[in-house]
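# Report on the structure
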Amino acid sequence: MTDYLLTPEQISLRDEVRSFVRDNVSRQLLLDMDAEKVIYPRQFIELLASQHLLGLRFPQEWGGRGLTWSDEVLSLEEIGVLGASLSCLYSLPSIVGEAIHVFGTEEQKSKYLAPILSGKLTVAEALTEPRGGSDFFGATATIKKDGDFYILNGQKRFIVGAEGADLFLVYARSDSQGAAHRSISTILVERSQGVVVQHVYGLMGTRGGGTGRVYFQDVKVPIANLVGGEHGGYEVFTRMMIPERMTSATGVLGLARAALEISSQYADRRKAFGQKIREFEGVSFKIADSLTLLDAARALVHQTAREIDLAGSSGYIRRKVSEAKKFATDTAWTVINNAMQVMGGIAYTNVYPIERLLRDARLMTIWTGTNEIMSLVIQHEYYRELLSSHPAARDVEEDALNAFANGEKVYE
Ligand SMILES: Cc1cc2nc3c(=O)[nH]c(=O)nc-3n(C[C@H](O)[C@H](O)[C@H](O)COP(=O)(O)OP(=O)(O)OC[C@H]3O[C@@H](n4cnc5c(N)ncnc54)[C@H](O)[C@@H]3O)c2cc1C
């Protein structure tokens, strides 16, 4: 992001996080995570918390810094150069924290939000089930009221952070008969209440972030842990599109930026046919294309962040965060692929981290809603805007020679 558009405080925040990423996170941690020698880097979260870097936009009262999305995206892009696992673990307090901050009770905020932001409680968000992640309304995990408790049963899969999380934000069916949008509830479940986590799969990338399968068998959760009221899960889910998608969209900028910088420097040093490879149009134009795409993705992310700060949550905002997530993750995939192509065979080896970034970035077009689901939301919200608005703008449809040949305007 060009410094011209940032306040002195924002530049200082970005530089603070940049220094943290440079000085406090060892390369060995990244290597050990990728080799799955580290299953869940709890110390990374504790370190972030010790620097007061978690959940920046939450009020100071709960341990945040009272900042905005426009600030948080600056921080997130810097963390993103560490790859998808660490940027996701950095984001989870911001994601789960959103549900507690917006829908939670004061008691939940002091019992959960404050310890999350101080690194004492680690969190995961459990939405996806073995039967699918795209269809939120198809949830089969259930909660049933039993006195002052809910009894939770079911399974979730592909849950980042599950292996180390102390607390899970879980979506489960609370009414088997009700209308789809009034049948799911959201509840905070402590691991110690009987959650079982298994490490089931090997992952192509995004390793070492504790992704696991989660089992709930007659888990007894106090009613006080419900977030957003009974059957209010759809409102929570709708709101959660903002932090889930903004964190994916922003983290991935860091991955792509790192790959672009490494490959551009390589192209300035590497020679073929007696000249630097960047002097070949086939190479330098790839770099130009990547840079243009990345700048466009970053602009969309920052514009969307500013809009959320000013407008909160709405259908329009959901369209914009979905556009940002789709465009930024597709862009990162292209940019990192270009980086590999620019560098040739060596980028396919573990001499450079390009192959790891590529493996990580691939997931980001799938998680927090696939990019097809982003398209679904984007066109849906756009049609709502288009068909309900009557702009006082010029009717360009009339600017055709035969515009009034109404007999030719056949729609059915
Ligand atoms: C490593 C990893 C970490 C993850 N972390 C988490 C996490 O922390 N928490 C969590 O809850 N989930 C997590 N996920 C799950 C992720 O969000 C889901 O994988 C994703 O939402 C897609 O769900 P699915 O895999 O069940 O695919 P499905 O929903 O079965 O979709 C399969 C395909 O069908 C397409 N499709 C489905 N419905 C439509 C439609 N209506 N229109 C067009 N296309 C459609 C999809 O785009 C996709 O291409 C993670 C996944 C992975 C792999």
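Starting from 1, residues in each chain are numbered consecutively following that chain's sequence as written. Residue-level local features of this predicted model are given only where pLDDT is at least 70; pairs of side-chain atoms are given and counted only at 80 or more, and the full residue set underlies all totals for whole chains, interfaces and linings. In computing side-chain properties, one takes all heavy atoms of the structure into account and sets aside hydrogens as well as water.

### Here we look at the pairing of strand E4 (residues 167-173)
Exposure classes here rest on a 1.4 Å probe applied to the protein chains alone. A residue is buried below 20% of its type maximum, exposed above 50%, and partly exposed in between. What counts as a helix is a DSSP run of H or I of at least four residues, what counts as a strand is a run of E of at least two, and both are numbered from the N terminus. Most of E4 sits out of view: seven of its seven residues are buried. By the alternation rule, side chains of E4 split into Leu167, Leu169, Tyr171 and Arg173 and Phe168, Val170 and Ala172, which are all buried. The pairing of strand E1 (residues 123-126) with E4 spans four bridges and is parallel. Directly across from Ala124, in E4, lies its bridge partner Phe168. A pair of strands is considered paired only if DSSP assigns at least 2 bridges between the two. In this sheet, strand E5 (residues 184-190) lies alongside E4 in antiparallel orientation, the contact comprising seven bridges. By the bridge assignment for E5, Arg173 is matched with Ile184.

### Topic: the side chain of Ser70
Take Ser70: it is sitting in helix H4 (residues 69-80). Relative accessible area serves as the criterion here: at 13%, Ser70 is assigned to the buried category. Pairing of N or O atoms within 3.5 Å defines a polar contact, subject to two protein rules: one partner must be a possible hydrogen donor and the other a possible acceptor, and residues neighboring in sequence count only if both atoms are side-chain atoms. At 2.6 Å, the side chain of Ser70 forms a polar contact with the side chain of Asp309. The criterion used for residue contact is that any of the two residues' heavy atoms lie within 4.5 Å. Excluding its chain neighbours within four sequence positions, the residues that come into contact with Ser70 are Gln10, Ala305, Arg306 and Asp309.

### Digging into a nonpolar patch on the surface
Distance thresholds for patches are 9 Å for like charges and 5 Å for nonpolar side chains (Val, Leu, Ile, Met, Phe, Trp, Tyr), applied to residues having over 30% relative accessible area and no salt bridge. Areas reported as accessible are Shrake-Rupley estimates using a 1.4 Å probe. Residue values count occlusion only from the protein chains shown. One speaks of a salt bridge when a side-chain nitrogen belonging to Lys or Arg is within 4 Å of a carboxyl oxygen belonging to Asp or Glu. On the surface, a cluster of nonpolar side chains totalling about 430 Å² of accessible area is made up of Tyr382, Tyr383, Leu386 and Leu387. Tracing the sequence through the fold places Tyr383 in helix H11 (residues 371-388).

### Points about the side chain of Ser185
With respect to the helices, strands and loops of the structure, Ser185 is situated in strand E5. A polar contact of 2.6 Å, which involves the side chain of Ser185, links it to the side chain of Ser174. Dropping the residues within four chain positions of it, Ser185 is found in contact with Ile143, Val170, Tyr171, Ala172, Ser174, Leu226, Gly229, Glu230, His231, Gly232 and Gly233.

### What about the site of the ligand?
The immediate surroundings of the ligand are formed by 19 residues, with Thr128, Gly133, Ser134, Phe158 and Thr370 found nearest. With respect to the ligand, the backbone of Glu125 contributes an N or O atom lying 2.8 Å from a nitrogen atom. Within the backbone of Phe158, one N or O atom sits 2.6 Å away from a nitrogen atom of the ligand. The set of elements that each furnish at least two residues to the shell around the ligand consists of E1, strand E3 (149-159) and H11. Examining the composition of the shell around the ligand, we find that three residues originate from one element, H11, more than from any other. Polar here means any residue other than Ala, Val, Leu, Ile, Met, Phe, Trp, Tyr, Cys and Pro, which are nonpolar, and Asp, Glu, Lys and Arg, which are charged; Gly is therefore polar. Of the residues that constitute the shell around the ligand, the class distribution is eleven nonpolar, six polar and two charged. Distances are taken per atom, and a residue is near a molecule or strand as soon as one of its heavy atoms is within 4 Å of it.

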